[in-house]
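Breakdown of the fold
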Amino acid sequence: MSDEQARLAELRDEIDSIDQQIMKLISARARCAQEVAHVKMAANPGQDVVFYRPEREAQVLRRIMEQNPGPLPGEEMARLFREIMSVCLALEKPMHIAFLGPLGTFTQAAALKHFGHSVVSVPMPAIDAVFREVESGAAHYGVVPVENSTEGMINHTLDMFMSSPLKICGEVQLRIHHHLMVAPQHDGQEITRIYSHQQSFAQCRQWLDTHRYGIERISVSSNAEAARRAAAEPGAAAIAGDMAAELYGLVKLANSIEDRPDNTTRFLIIGREAVTPSGHDKSSVLVSMRNKPGALYQLLEPFHSHGISLTRIETRPSQTGTWAYVFYIDFEGHMDDEPARKVLAEVDVEAVELKRLGSYPIGVL
Ligand SMILES: O=C(O)C(=O)C[C@]1(C(=O)O)C=C[C@@H](O)C=C1
């Protein structure tokens, strides 16, 4: 045996022994999670127990990132623990997560990034269908896109909150990489049309104008649908992401063709229960103000005087009156925190309607 072989054998023995320890520790952790489930059930006999605790998960992931000794990057270490928690939660109770489908969309990728892979992810045909699935109790939580760094807000999602009783329980951001892809059996053939979602076309406009100018662009309901068509039709290509490429077995002709390298979409997790403070939270409210001079000032002034930072304010037409508007506001902190309570009490006095959409941990991964 050469020196190299001897050293490799020694290191592999060490890895085997470490794996053994990791396995024992993960099993011990899983038994703890099972015990947590028993405690939760005993404390709420006969009730619909909430097993998923977003605030606790965020705390665990933050601690892992803070204490990670390296050489693995903190985010990679947290991703491993994301999956460990996901499988522990599945032992307590398998979670059904509705998402804006079909299979292979970026929303599915976001759902798996947020909840880990040990959930049952259920594709829905539209954003309102995701809301309905969670409202009816058929799914525990839902995942919907809310904004893209290139294209702006997804108004359909914002508008759903005007009528839905659901709460926002979390957020997750996903870097969006678009690829131009074709079916392997059609690779090398002339491309006569490209399928994609209109948002993806918008995010790749410059690249397409430069590299595939003049080829017909056909908007379809999702990137995954675009990939499905490209898989079946000669002469067709799709712009879609990795999940869709994998699902339909497509080959990439060009990688990461989005015009902006930081192209990111933010998704919301919607559920039926409010989330308790995690220590690093964000809140969302919808406010409808009287249509009079100074209304916006009156709305924003309490946030300023109590030192609360707004992270977003969007205006949407109200669904009840012509030229009436509602403000969709995100701010730092949890609604149960004293300053936020005071602000919302003051806003409530001036507002026609104040709807608390939820407080939730700021996305960790
Ligand atoms: O702490 C809890 O309440 C648990 O159920 C345990 C645990 C975990 O594995 O750490 C699992 C699921 C919850 O979403 C949060 C944390």
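Just so it is clear, the structure is predicted and the values come from calculations on it, not from any experiment.

Of regular secondary structure, the chain possesses twelve helices and 15 strands. When contacts within the chain are restricted to residue pairs at least 6 apart in sequence, long-range pairs at least 24 apart make up 76% of them. For the chain, the exposed surface amounts to about 18400 Å²; the carbon and sulfur share of it is 53%. Taken together, the 36 basic and 47 acidic charged side chains of the chain have centroids lying 3 Å from each other.

As a further point, take the UniProt feature "domain: Prephenate dehydratase" (unreviewed entry) in the chain. According to UniProt, the "domain: Prephenate dehydratase" (unreviewed entry) feature falls on residues 96-272. Helix and strand shares over residues 96-272 are 33% and 33% respectively, and the end C-alpha atoms of the span are 13 Å apart.

Further remarks concern the site of the ligand. Near the ligand, the surroundings consist of Arg29, Val36, Lys40, Phe51, Tyr52, Arg53, Arg56, Glu57, Met85, Cys88, Leu89 and Glu92. A distance of 2.8 Å is found between an oxygen atom of the ligand and a side-chain nitrogen or oxygen belonging to Lys40. Between the ligand and Glu57 there is a distance of 2.6 Å, counted from an oxygen atom to a side-chain nitrogen or oxygen. For the ligand, whose accessible area on its own is 360 Å², the fraction buried by protein is 90%. Cavity membership is defined here by more than half of the atoms lying within 2 Å of grid points; on that basis the ligand lies in the second largest pocket. If you list the elements that add at least two residues to the shell around the ligand, you get helix H1 (3-43), helix H2 (54-67) and helix H3 (74-92). By residue number, the principal contributor to the shell around the ligand is H3, which donates four residues. In terms of residue class, the shell around the ligand is made up of six nonpolar, no polar and six charged.

Let us now look at unusual backbone geometry. Following Gly70, the chain continues to Pro71 via a peptide bond in cis, the omega torsion being 10 degrees. Within the secondary structure layout, Pro71 lies in the loop between H2 and H3. For the bond running from Gly101 to Pro102, omega is 5 degrees, close enough to zero to count as cis. Tracing the backbone shows Pro102 in the loop between strand E1 (96-100) and helix H4 (106-115).

This part covers empty space enclosed by the protein. By the definition in use, this model includes one cavity of 30 Å³ or more. Considering only enclosed or pocket space, the largest cavity measures out at about 190 Å³ in volume. Secondary-structure elements contributing two or more residues to the lining of the largest cavity are H2, H4 and strand E5 (167-175). Here the lining of the largest cavity is built from residues that sort into nine nonpolar, two polar and four charged.

The strand order E8-E7-E9-E6-E10 describes an open sheet built from five strands, whose pairing is mixed. Of all strands in the sheet, those with a lone pairing partner are strand E8 (216-219) and strand E10 (251-254), marking the two edges. The average undirected angle you get between the axes of adjacent strands in this sheet is 35 degrees. Examined bridge by bridge, strand E7 (residues 193-196) and E8 share four bridges and lie parallel to one another. Pairing of Tyr195 across the sheet is with Ile218, part of E8.

Right, let's talk about the nonpolar core for a bit. Phe131, Phe161, Leu268 and Tyr328 are the most contacted members of the largest nonpolar core, which has 26 residues in total. Breaking this core down by element, the ones donating at least two residues are E1, helix H5 (127-135), strand E3 (141-148), helix H6 (155-163), strand E11 (264-271), strand E14 (325-332) and strand E15 (351-361). With residues up to four places along the chain from it excluded, the contact list for Phe131 reads Val144, Thr157, Met160, Phe161, Ser164, Leu166 and Ile270. Ranked by size, the runner-up nonpolar core spans 23 residues in total, among them Ile97, Phe115, Val143 and Val275.

Once that is clear, we can look at the sheet that holds strand E12 (residues 281-289). In spatial order, the strands read E13-E14-E12-E15; together these four strands make up an open sheet with antiparallel pairing. Edge positions in the sheet fall to strand E13 (310-317) and E15, since each of these pairs with one other strand and no more. Geometrically, the sheet is characterised by an average inter-axis angle of 15 degrees between neighbouring strands, direction not taken into account. Two strands pair when backbone bridges link them, and E13 and E14 are joined in this way by seven bridges, in the antiparallel orientation. Bridging across to E14, Glu314 finds its partner in Tyr328. Where helix H11 (residues 295-305) meets the sheet, its contacts fall on E12, E13 and E14, and the angle it forms with E14 comes to roughly 15 degrees. Across the sheet, helix H12 (residues 338-350) touches E12, E14 and E15, and the angle it forms with E15 is around 155 degrees.

Another aspect to go through is H11. Within H11, burial applies to Ala295, Leu299, Pro302 and Phe303. The buried residues of H11 occupy an angular sector of 105 degrees when the element is viewed end-on, so they sit on one face. Counted as exposed and oriented over 90 degrees from the buried face of H11: Tyr297 and His304. In the stretch just after H11, Gly307 is the one whose phi turns positive, near 70 degrees.

Reading the values: the criteria
- Residues numbered from 1 in each chain as written.
- Predicted model: local features only at pLDDT ≥ 70, side-chain atom pairs only at ≥ 80, totals over all residues.
- Heavy atoms only, no water.
- Helix = DSSP H or I, 4+ residues; strand = E, 2+ residues; numbered from the N terminus.
- Contact = heavy atoms within 4.5 Å.
- Areas by Shrake-Rupley, 256 points an atom, 1.4 Å probe, with all protein chains shown as cover.
- Lys, Arg positive; Asp, Glu negative; His and termini not counted.
- Charge placed at Lys NZ, Arg CZ, Asp CG, Glu CD.
- UniProt positions renumbered as here; feature names shortened; annotations may be inferred.
- Near = heavy atom within 4 Å.
- Polar contact = N/O pair within 3.5 Å; in protein donor to acceptor, adjacent residues only side chain to side chain.
- 1 Å grid on protein atoms, 1.4 Å probe; cavity = no way out; pocket = protein on both sides within 12 Å on 5 of 7 lines; lining within 4 Å.
- Sits in = over half its atoms within 2 Å of the grid points.
- Nonpolar A, V, L, I, M, F, W, Y, C, P; charged D, E, K, R; others polar.
- Points joined across faces, edges and corners; volume = space filled by probe spheres on them.
- Pairing = 2+ DSSP bridges.
- Axes fitted to C-alpha atoms, helices over the stretch in contact; angles between N-to-C directions.
- Core = buried A, V, L, I, M, F, W, Y, C linked by side-chain atoms within 4.5 Å.
- Buried < 20%, exposed > 50% of the residue type's maximum accessible area, 1.4 Å probe, protein only.
- Arc of directions from axis to C-beta.

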